[in-house]
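What follows is each chain in one-letter form.
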Amino acid sequence: MLCQENTIHYCSWTFVVGGLLHLLHQITSHIPYGRYVNTKSTGMMVPAKAGWFIQELPSFLVPVLLFLTTDSLPGIGRHLLLWTFCLHYFQRTFVYSLLTKGRQSPLHIVVSAVIFCSVNGFLQGHHMLHCTQYHSGWHRDTRFITGLLMFFTGMAINIHSDYILRNLRKPGEVSYKIPKGGMFELVSGANFFGEIVEWCGYAVASWSFPAFSFALFTICAIGPRAYHHHRYYLEKFKDYPKSRKAVIPFLL
């Protein structure tokens, strides 16, 4: 398959600009999913498990289909990176979605996420398989090794933090509690911090504009959400640890 350079270029810049605009929008408002869903809304809602499965699936399925149905450039490094990307979305699609105890999401949020994940799945998969040029020893490059260490560290933090959040409440409980343990001892948005580390690591390992644009978009999308969670905890719980930061340990 020929590299669609213009498509890659414009999609990457769209992620950069869109991420920054999304960041500005979230400074003063919440995206209506999770704890910020308006439970009195009359709009169509999607159950949490189904919503997460549907919206995350394209980010796994599109790169896999590109790999199976098109000719790709050779190289161990690029294929390791492709399957690293897919590993995250396999976990989010087939594991996280089945375990989540989250609230239902508005249909328009799920549809928006499906569109984004479809575009990003194509962007990352197509660029990795058909465009980017790596030397034959890329899988031994310092950037590759450092990036993958960051990725898997972030993934471990993300999965462990999700485990802590799932087990905060007993069956039937609906009130929020203070999360404790793991990275939650340092930041309020430990799950968000883990995912940010993941995609920054992937960007370093890939050393490509599409990967960096996606990492930036991730920071702009979930960084403010961690900040809003932090504000919520501080206002709701008088005994909330004042030493915790919102999303970056010791800093922010």
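Source: prediction; values computed, not measured.

Thoughts on the nonpolar core
Phase 1: One finds L81, F85, Y89, M128, W199, Y202 and F214 to be the most contacted residues of the largest nonpolar core, which totals 28 residues.
Phase 2: Every element with two or more residues in this core is listed here: α1 (5–28), α2 (48–69), α3 (76–99), α4 (107–131), α5 (142–166), α6 (190–206) and α7 (209–236).
Phase 3: The greatest single-element share of this core, amounting to five residues, is contributed by α3.
Phase 4: Other than its neighbours up to four places away in sequence, L81 contacts M128, Y134, W138, F144, L148, Y202, A205 and S206.

Describing the packing of aromatic side chains
Phase 1: Tallying each qualifying case throughout the model produces 25 aromatic pairs.
Phase 2: Residues Y89 and W199 carry aromatic rings whose centres are separated by 5.8 Å and whose planes lie at 20° to one another, so their mutual orientation is stacked. Of the two residues, Y89 is situated in helix α3 and W199 in helix α6; the sequence distance between them amounts to 110 residues.
Phase 3: For Y89, a relative accessible area of 4% corresponds to the buried category.
Phase 4: With centroids separated by 5.0 Å and ring planes inclined at 40°, the aromatic side chains of F90 and F94 adopt a geometry described as tilted. Highlighted residues: F90 and F94, both in helix α3, separated by four residues, approximately one helical turn.
Phase 5: Note on F94: relative accessible area 31%, which makes it partly exposed.

Considerations on the packing of α3 against α5
Phase 1: Remark: α3 packs on α5, axes separated minimally by 12 Å, with the N-to-C direction vectors making an angle of 0°. Taken as axis vectors, α3 and α5 run roughly parallel relative to one another. Facing α3, whose interface residues are G77, L80, L81, T84, L87, H88, Q91, R92, Y96 and L99, α5 presents F144, L148, F151, F152, M155, N158, I159, D162 and R166.
Phase 2: Looking at side-chain class alone, the contact of α3 with α5 contains eleven nonpolar, five polar and three charged residues.

Looking at the UniProt feature "transmembrane region" (unreviewed entry) in the protein
Phase 1: In the UniProt entry, the feature "transmembrane region" (unreviewed entry) is given for residues 105–123, 144–161 and 207–227.
Phase 2: Helix makes up 89% of residues 105–123 and strand 11%, and the two end C-alpha atoms of the span are 26 Å apart.
Phase 3: The span residues 144–161 carries 100% helix and 0% strand; its end-to-end C-alpha distance comes to 25 Å.

Definitions and cut-offs
Residues numbered from 1 in each chain as written. Predicted model: local features only at pLDDT ≥ 70, side-chain atom pairs only at ≥ 80, totals over all residues. Heavy atoms only, no water. Core = buried A, V, L, I, M, F, W, Y, C linked by side-chain atoms within 4.5 Å. Buried < 20%, exposed > 50% of the residue type's maximum accessible area, 1.4 Å probe, protein only. Helix = DSSP H or I, 4+ residues; strand = E, 2+ residues; numbered from the N terminus. Contact = heavy atoms within 4.5 Å. Phe/Tyr/Trp six-rings, centres within 6.5 Å; stacked < 30°, edge-to-face > 60°. Axes fitted to C-alpha atoms, helices over the stretch in contact; angles between N-to-C directions. Parallel < 35°, antiparallel > 145°, perpendicular 65-115°, else oblique. Nonpolar A, V, L, I, M, F, W, Y, C, P; charged D, E, K, R; others polar. UniProt positions renumbered as here; feature names shortened; annotations may be inferred.

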